[in-house]
Amino acid sequence: MPERSYEILLNDLGDIIRVIIATEAGKVVMFMIQYEARIDGKLRRVVRYDTAHGFAHRDLLDWSGETIKKRKIGEEISFGEALDLAMNDLKANWKRYRANYERTRP
Amino acid sequence: MSTHRRRVARATAEQTMKNVELARAFLHEVLARPSILERIPTDARLVLIPPSEPELARRNLSIAYQMVESGESVFLQRVGVPDPDVPAWHETELRSLQFQWLVPRFPVEAPKFSQADWAITYERQLDTLIVDLYGRRQPGMAVPINPHMGLWVDQRTHEIVGYVLAQFLQTLVSKVPQLVNLLSTAELVGATDDEIAEWRRARESKLDEEETLLSLGDELDRVGT
């Protein structure tokens, strides 16, 4: 199951969406979306959306990279629906996630 | 003031929101057609380029320039571009392009100065006209320069080989009427019989080719500002 990873640039701060996609027989079989904020010149993982285990999850991460909050955002939904849920959530909350992440700085 | 209290500039927030939307559109394209990824190497950094938002395209391109300047490898990815009905166009239009220093410039070889030597295609459904000033359709990428006009840039040499004109009949011709002359030698795709007849009447009129050529560079720039 070949996996591919891409960084999609979001803004002039250097923030990105990292996408990992796995395909099999020409079809997408897994994808993960991660919002990473560039802070102090380094990309840091802030929130991750994935479709593992048949569910769509959202994980909020802290400064050390640990998951501090895991939430199921969809069940038995298509990749397209999971993608829409993830992007809607990111669009509505990216600033708050970014600010909250910075608060976990030691 | 602590770091997390720093406010994100309004323009940055707007750019982020729009790029999240573009990312959504791009990933839907990938889900529908995973083969898109075959043209993009894994671990690539993508800067998304919208077809109809020149200001966002300009901002994103500006960042791409900075990244390239600092030695990073960047891919430009056009998103939300409808599939054209023109097979030759479809085959040659690149939606993924490794970005180096893309400084569009005219080739040393002068473009053809006779409209009859240009390769012009008009697609009615998209109301878009492509003018290849060298009469050959070579692989390239449309780089927006104003709301209605893009440069067709050779991906290898960065040479401007033509123009892409959006909202051609709806907007451009109403503002710059002589541009309708371009249809007189165009390959017309998806147009109705009535429309073709009307354009043929225009074709029969005496054409001022030089004026039409100059209009492309000067008047469209004015229209777009």
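Summarised in this report is the structure supplied together with it. (Residues numbered from 1 in each chain as written. Chains lettered and ligands numbered in written order. Predicted model: local features only at pLDDT ≥ 70, side-chain atom pairs only at ≥ 80, totals over all residues. Heavy atoms only, no water.)

### Here's the deal with the packing of helix 1 (residues 10-32) of chain B against helix 2 (residues 54-69) of chain B
Residue and element names in this part refer to chain B.
Link 1 in the chain: Between helix 1 and helix 2, whose axes approach to 11 Å, the crossing angle comes to 95°. It follows from the interaxial angle that helix 1 and helix 2 lie roughly perpendicular. Across the interface between the two elements, Ala-11, Thr-12, Gln-15, Lys-18, Asn-19 and Leu-22 from helix 1 touch Leu-56, Arg-59, Asn-60 and Ile-63 from helix 2.
Link 2 in the chain: Classifying every residue of the contact of helix 1 with helix 2 by side-chain character gives four nonpolar, four polar and two charged. (Axes fitted to C-alpha atoms, helices over the stretch in contact; angles between N-to-C directions. Helix = DSSP H or I, 4+ residues; strand = E, 2+ residues; numbered from the N terminus. Parallel < 35°, antiparallel > 145°, perpendicular 65-115°, else oblique. Contact = heavy atoms within 4.5 Å. Nonpolar A, V, L, I, M, F, W, Y, C, P; charged D, E, K, R; others polar.)

### What to know about the sheet that holds strand 7 (residues 149-154) of chain B
All names here are of chain B.
Link 1 in the chain: Taken in spatial order, the six strands line up as 6-7-8-5-4-9 in an open sheet, and their pairing is mixed. Each edge of the sheet is formed by a strand with only one pairing partner; in this case those strands are strand 6 (140-146) and strand 9 (187-189). The mean angle between the axes of side-by-side strands here comes to 20°, regardless of whether they run parallel or antiparallel. (Pairing = 2+ DSSP bridges.)

### Here we look at helix 1 of chain B
Link 1 in the chain: Here helix 1 of chain B contains 23 residues, and its C-alpha end-to-end distance of 33 Å stays within 8% of the 33 Å for a straight helix at 1.5 Å per residue.
Link 2 in the chain: For helix 1 of chain B, every residue scored as buried is listed here: Thr-12, Ala-13, Gln-15, Thr-16, Asn-19, Val-20, Leu-22, Ala-23, Arg-24, Phe-26, Leu-27 and Val-30 of chain B. (Expected span 1.5 Å × (residues − 1). Buried < 20%, exposed > 50% of the residue type's maximum accessible area, 1.4 Å probe, protein only.)

### As for the packing of helix 1 (residues 79-103) of chain A against helix 1 of chain B
When two helices pack together, you describe them by how their axes are tilted relative to each other and by the distance separating the axes.
Link 1 in the chain: In contact at an axis separation of 10 Å, helix 1 of chain A and helix 1 of chain B are set at 170° when each is read in the N-to-C sense. Classified by the angle their axes make, helix 1 of chain A and helix 1 of chain B are roughly antiparallel. Between helix 1 of chain A and helix 1 of chain B, the residues in contact are Phe-79, Gly-80, Leu-83, Asp-84, Met-87, Asn-88, Leu-90, Lys-91, Trp-94 and Lys-95 of chain A and Ala-13, Thr-16, Met-17, Val-20, Glu-21, Ala-23, Arg-24, Leu-27, His-28 and Leu-31 of chain B, respectively.
Link 2 in the chain: Grouping the constituent residues of the contact of helix 1 of chain A with helix 1 of chain B by class yields 11 nonpolar, four polar and five charged.

### What to know about the interface of chain B and chain A
Link 1 in the chain: At the interface, 33 residues of chain B touch 33 residues of chain A.
Link 2 in the chain: With both chains or domains summed, chain B and chain A bury close to 3,100 Å², and 67% of this area falls on carbon and sulfur atoms.
Link 3 in the chain: The tally of links from chain B across to chain A stands at four salt bridges.
Link 4 in the chain: In this structure, Lys-91 of chain A and Glu-21 of chain B form a salt bridge, with 3.0 Å as the shortest nitrogen-oxygen distance.
Link 5 in the chain: Counting across the chain B and chain A interface gives 18 residue pairs in polar contact (both at pLDDT 80 or more).
Link 6 in the chain: Put simply, the parts of the chain that give the side of chain B that touches chain A at least two residues each are helix 1, strand 1 (44-49) and helix 2 of chain B.
Link 7 in the chain: Examining the composition of the side of chain B that touches chain A, we find that 15 residues originate from one element, helix 1 of chain B, more than from any other.
Link 8 in the chain: Along the lines of polarity and charge, the residues of the side of chain B that touches chain A split into 19 nonpolar, eight polar and six charged. (Buried area = accessible area lost by both parts, 1.4 Å probe. Salt bridge = Lys/Arg side-chain N within 4 Å of Asp/Glu carboxyl O. Polar contact = N/O pair within 3.5 Å; in protein donor to acceptor, adjacent residues only side chain to side chain.)

### A look at the pairing of strand 7 of chain B
Residues and elements named next belong to chain B.
Link 1 in the chain: With respect to burial, strand 7 is a largely interior element, six of its six residues being buried.
Link 2 in the chain: Neither face of strand 7 is left uncovered, since the one carrying Met-149, Leu-151 and Val-153 and the one carrying Gly-150, Trp-152 and Asp-154 both have all their residues buried.
Link 3 in the chain: Where strand 6 meets strand 7, six bridges bridge the pair, whose relative direction is antiparallel. Note that in strand 7 the partner of Ala-142 across the bridge is Trp-152.
Link 4 in the chain: What sits between strand 6 and strand 7 in their antiparallel hairpin is a turn of two residues.
Link 5 in the chain: Pairing between strand 7 and strand 8 (residues 160-165): five bridges, direction antiparallel. Directly across from Trp-152, in strand 8, lies its bridge partner Gly-162.
Link 6 in the chain: The turn joining strand 7 and strand 8, which pair antiparallel and follow one another in sequence, is formed by five residues; a positive phi near 65° is taken by His-158.

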